[in-house]
Amino acid sequence: MPSRAANYSALSEADFIERANARLEEVYGPRRDEIMRRLMTLLMHQRSALDTSPKPTWSERDQVLITYGDTIIDGDRPPLEVLDDFLATRLNGTFSGLHILPFFPWSSDDGFSVIHYREVNPSLGDWQDIRRLASRVDLMVDLVINHVSRDSLWFTDYLSGTQPGRDYFIEMDPETDLSMVTRPRNSPLLVPVSTRRGTRYLWATFSEDQIDLNFANPDVLLEFVGILLYYVQQGARIIRLDAVTYLWKEVGTNCVHLPQTHAIVRLLRAILDFMAPGTLLITETNVPHHENMSYFGLERLGLERPDLERPGPERLDPERSGLERQSPDRLEDKRSMPDEAHMIYQFTLPPLLVHTLTSGDATTLSDWARSLPTLPPGCTYFNFTASHDGIGVRALEGLLPQHELDIMLELMHRFGGYVSMKTNPDGSDSPYEINITYYDAMKGTRRGADAWQVERFLCSQNLMLALQGIPGVYIHNLTATLNDHGGVERSGKLRSINRRRWPKEELDELIDSRSTPTREAFTSLKRRLNIRANEPCFHPEATQRVLDTPPGIFAIERGPLANGRRLLAIYNISDKRQPLEIAELSEGEWYDVLKDGKRWNPHPEERDILRPYRSLWLVQP
C-alpha cells in the first residue's frame, strides 16, 4: 500500500449521531427517530466486521487505473485473475489505486444495470479475486445507487407485489407534467410495466432496463447502507456514487442536485467517517462545472468563490515536504469542515483539453484553472481525460461559446467519433457527450489529421498528471486504443467505441513491439507516472497557481512547499514552436525531474523556445 500523509480522523459516536439525525431530518422529517433507530441497529451489527482505526488520506503517490474487469482477456482464465497478473507484471508499483467498473451480475449498459449488488459476475471471477486485488492496491468500487436492473430480485418483488421490492420504485401517472426534469438521455422517462395490479408507469432516468429506486422509502436507503458497508468489508477503499445527481425525485423540479440528494451524500459520508474512517467517497456527476463543485459542499461552507490570495491547506507529510500536518480534529469547529464528497470528478477537464489541443489556444483552459477555488482539507479533485463513458460536454456550459463547441463536435465526427444527445425540458435535443477514444480525439487540429497524434495525446496526459488532485488513467489511454467501430456495430451502443476488450496476447505484442503507438504511450505514461509518484510537489493538497503565458503555452506552479520546493509544469499545447515567455524561469536555477533531476541547461535556442507538444517539469529544491 502507498505511504500517505496525515491520518484521517474517525468520527466519534456522539458526532455521528448528531450529523445523522440532522441529515435524516432533512430527508424524512418526522420519521427521523424511527429511521435513526433502525440505522444504528444496522451499524452496530456491522461494526465488529469493520476496521474502525483511522487510516491515512492521500499523497503524491496516489494515482488510479480505471478499467473493466474483463478489458484484458486470456482464454478461459478468469479476467480478474488476468487483471491482477497485468498489474503485477506490467504495472507493479505504478498505480496506488484501481477502479474496477461494475463487476456484479448485470443485464445492460456494460455493468451499470445491476442484477445483484452482493455478487461478483461469475464470468469475471469471485470475491476472492476482488479481495486479492484490494490487497495489492486501493480498490474503487461503484455503488450504482440511482437505479437497478429489471432482472433484479427487487424488481421481481415489485411485479408480484411482495416485500421488500414492492415499494422500491417510483410509480407515476403518465399524464403528470414532468417537462422540468433534466434528462441525460433522449429515451422516455416513464416506462410501462405489466404487474399483477395492471400496467404501471415507472421512473427510468437512463433506460427501460435501469429502473430508478425510490429513496423516499427509507427501506431503500437502509438497503444501500448495508451494501456500502459490505463493499468496505470486501476491501473497498474508495466508493464511487454512480449517477447520484438524479437520486431524489420531486415533481415540479428539475430533479437534479435536490437538497435531499446532498443530504443523503452527507449521510453516507458520515457513516463512512464513523464506521470505516479513511474510506473515501467520490461523486460521479457529469453536469456543468459549478453544479459539479456543489458536491464538495463548498457553498454551504461559504467557499464557493475562488480565493486566489489564500494559501492552500498545509497537510502534507512533514517528513517529505516540511509542511505542518493539520488534521480535522485540530480545528475548533468540526461543523465547518467539509462533510460531503472527498473527491469529485473533474468533468470539465476532458472536453476542455480536447478544445485546447485541437485549437492550439490555452486561454480558456488557463482562465478555468485560475477560477478553481482553494479547497479545504479533506477535499480534492479526481482528474481524468477519458473513462468508460464518453467525453461529456455539459461541463463546458458557460465556458465555451456555442460556435467553439460546434467546431469541436464537428472535428470529433471527422476523427471517427459520435455525439450522444440528451432531451431538454422543451423537448429539444442537445449534445451530451462525445463518443471517441481519447487517442483518436488527438488525431489532429482544426486543420485536420496530422503527424503529431502521439505527441499531442501524450501532452494531454502529461498535463492532466500535473494538475492539483488525484489522477485517474483509463486503461485505453494507457494503450492508445483506436476507435472500436466494430464494437459499436456489435452492441448498437455508441459508448462501445471506447470499451474494447484486449486479447492479452495481442496487447502484449503491441506493448513489446519496437514501434507502435501502444508501446510509446504505455512506456511513456508508465515512466511519467513513476516520476510523478515520487515528486512531493504533486501532493493533492500542494497549492496550484496558473502562470501568465502566451496562448500557445499552458503552465502552472505547484507549491512552494514549506521547505521551499516548487515545481513548474509547462506545456506547448500547439503544433508550432512557442516562445518560453515565463517570468518564473529567470528566478534562479531549475532542475529537470524528467531527466533524472539534472540541472536544466538546454541549448540556447531551446531555452527560449518550446517544441510542439513538449512538456517540462522543472523543480527548485
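See the structure above.
Residues numbered from 1 in each chain as written. Predicted model: local features only at pLDDT ≥ 70, side-chain atom pairs only at ≥ 80, totals over all residues. Heavy atoms only, no water.

### Notes on the overall build of the chain
- Scanning the chain from N- to C-terminus turns up 19 helices and 27 strands.
- Taking 25 Å as the expected radius of gyration for a compact globule of 621 residues, we find that the chain reaches 24 Å, a close match to that expectation.
- Considering only C-alpha atoms, the chain reaches an extent of 80 × 55 × 50 Å along its principal axes.
- Expressed as a percentage of the 621 residues in the chain, the buried residues total 62%.
- For the chain, the share of sequence-separated contacts (at least 6 apart) that also reach a separation of at least 24 residues comes to 75%.
- As presented, the chain carries roughly 23,500 Å² of accessible surface, and 47% of it is formed by carbon and sulfur atoms. (Helix = DSSP H or I, 4+ residues; strand = E, 2+ residues; numbered from the N terminus. Rg over C-alpha atoms; globule rule 2.2 N^0.38 Å. Buried < 20%, exposed > 50% of the residue type's maximum accessible area, 1.4 Å probe, protein only. Contact = heavy atoms within 4.5 Å. Areas by Shrake-Rupley, 256 points an atom, 1.4 Å probe, with all protein chains shown as cover.)

### Here we look at the packing of aromatic side chains
- Inspection of every chain in the model, using the stated rule, returns 24 aromatic pairs.
- With centroids separated by 5.6 Å and ring planes inclined at 90°, the aromatic side chains of F103 and W127 adopt a geometry described as edge-to-face. Pair noted here: F103 is in the loop between β3 (97-100) and α4 (127-136) and W127 is in helix α4, with a separation of 24 residues, a long-range link. Here F103 matches W127 in class, with each residue buried.
- A centroid spacing of 5.5 Å and a plane angle of 90° characterise the contact between F347 and F384, whose relative ring orientation is edge-to-face. Taken together, the residues span a long stretch of sequence, with F347 in the loop between β11 (343-345) and α10 (349-359) and F384 in the loop between β12 (380-383) and β13 (391-392) at a distance of 37 residues.
- The buried category is assigned to F347, whose relative accessible area is 9%.
- Since its relative accessible area comes to 3%, F384 is described here as buried. (Phe/Tyr/Trp six-rings, centres within 6.5 Å; stacked < 30°, edge-to-face > 60°.)

### Considerations on the layout of surface pockets
- Considering only enclosed or pocket space, the largest pocket measures out at about 990 Å³ in volume.
- Along the wall of the largest pocket there are 36 residues; nearest its centre are D109, D110, K493, R495 and R499.
- Taken together, the elements giving at least two residues each to the lining of the largest pocket come down to β14 (418-423), β15 (429-435) and α16 (485-491).
- Looking at which element gives the most residues to the lining of the largest pocket, the answer is α16, with 3 residues. (1 Å grid on protein atoms, 1.4 Å probe; cavity = no way out; pocket = protein on both sides within 12 Å on 5 of 7 lines; lining within 4 Å. Points joined across faces, edges and corners; volume = space filled by probe spheres on them.)

### Quick look at the sheet that holds strand β21 (residues 553-558)
- If you walk across this open sheet you meet the 6 strands as β20-β21-β22-β27-β24-β25, and the pairing is antiparallel. The strands lining the two open edges of the sheet, one partner per strand, are β20 (544-546) and β25 (598-599).
- Relative to strand β27 (residues 615-620), strand β22 (residues 566-572) runs antiparallel, the two being bridged by 6 bridges. By the bridge assignment, L568 is partnered in β27 with L618.
- Running over the sheet, helix α14 (residues 453-466) touches β20, β21, β22 and β27 and is turned about 155° from β22. (Pairing = 2+ DSSP bridges. Axes fitted to C-alpha atoms, helices over the stretch in contact; angles between N-to-C directions.)

### Topic: the packing of helix α17 (residues 504-512) against helix α18 (residues 517-532)
- Between α17 and α18, whose axes approach to 6 Å, the crossing angle comes to 75°. If you check the angle between α17 and α18, you find them roughly perpendicular. Where α17 abuts α18, its residues L507, L510, I511 and D512 lie against T518, R519 and F522. (Parallel < 35°, antiparallel > 145°, perpendicular 65-115°, else oblique.)

### Describing the environment of I115
- With respect to the helices and strands, I115 occurs in the loop between β3 and α4.
- C-alpha separation for the pair I115 and F155, spaced 40 residues apart in sequence, amounts to 9.4 Å.
- Filtering out sequence-adjacent residues up to four positions away, I115 remains in contact with P105, W106, S107, S149, D151, S152 and L153.

### Things to note about the state of the cysteines
- Summed over all chains, the structure comprises 0 disulfides.
- Free cysteine: C459, not disulfide-bonded; nearest cysteine sulfur from C537 at 20 Å. (Disulfide = S-S within 2.5 Å.)

### Overview of unusual backbone geometry
- Geometrically, the link from Q163 to P164 is a cis peptide bond, its omega value of 5° lying close to zero.
- With respect to the helices, strands and loops of the structure, P164 is situated in the loop between α5 (153-160) and β6 (190-195).
- Cis geometry is adopted by the peptide bond preceding P560, which originates at G559 and carries an omega value of 5°.
- With a phi angle near 60°, D596 is a residue other than glycine that sits in the positive phi range.
- Within the element layout of this structure, D596 appears in the loop between β24 (591-592) and β25.

### Overview of the nonpolar core
- By size, the foremost hydrophobic cluster in this structure holds 173 residues, and its most contacted members are F16, L39, I271 and F554.
- Every residue in contact with F554, bar those within four places of it in the chain, is listed here: A362, L365, S366, A369, L463, L467, V546, T549, A569, I570, Y571 and I573.
- The next biggest cluster of nonpolar side chains, apart from the first, holds 13 residues, and it includes L547, L568, I570 and W600. (Core = buried A, V, L, I, M, F, W, Y, C linked by side-chain atoms within 4.5 Å.)

### With respect to the pattern of salt bridges
- Throughout the structure, instances matching the rule amount to 45 salt bridges.
- R118 is the partner of E223 in a salt bridge, and the nearest nitrogen-oxygen pair spans 3.6 Å. Highlighted residues: E223 in helix α6 (residues 218-233) and R118 in the loop between β3 and α4, separated in sequence by 105 residues.
- In this structure R118 comes out as partly exposed when scored by relative accessible area, which is 31%.
- For D142, the salt bridge goes to R240, with nearest N and O atoms at 2.4 Å. Taken together, the residues span a long stretch of sequence, with D142 in strand β4 (residues 138-144) and R240 in strand β9 (residues 236-242) at a distance of 98 residues. (Salt bridge = Lys/Arg side-chain N within 4 Å of Asp/Glu carboxyl O.)

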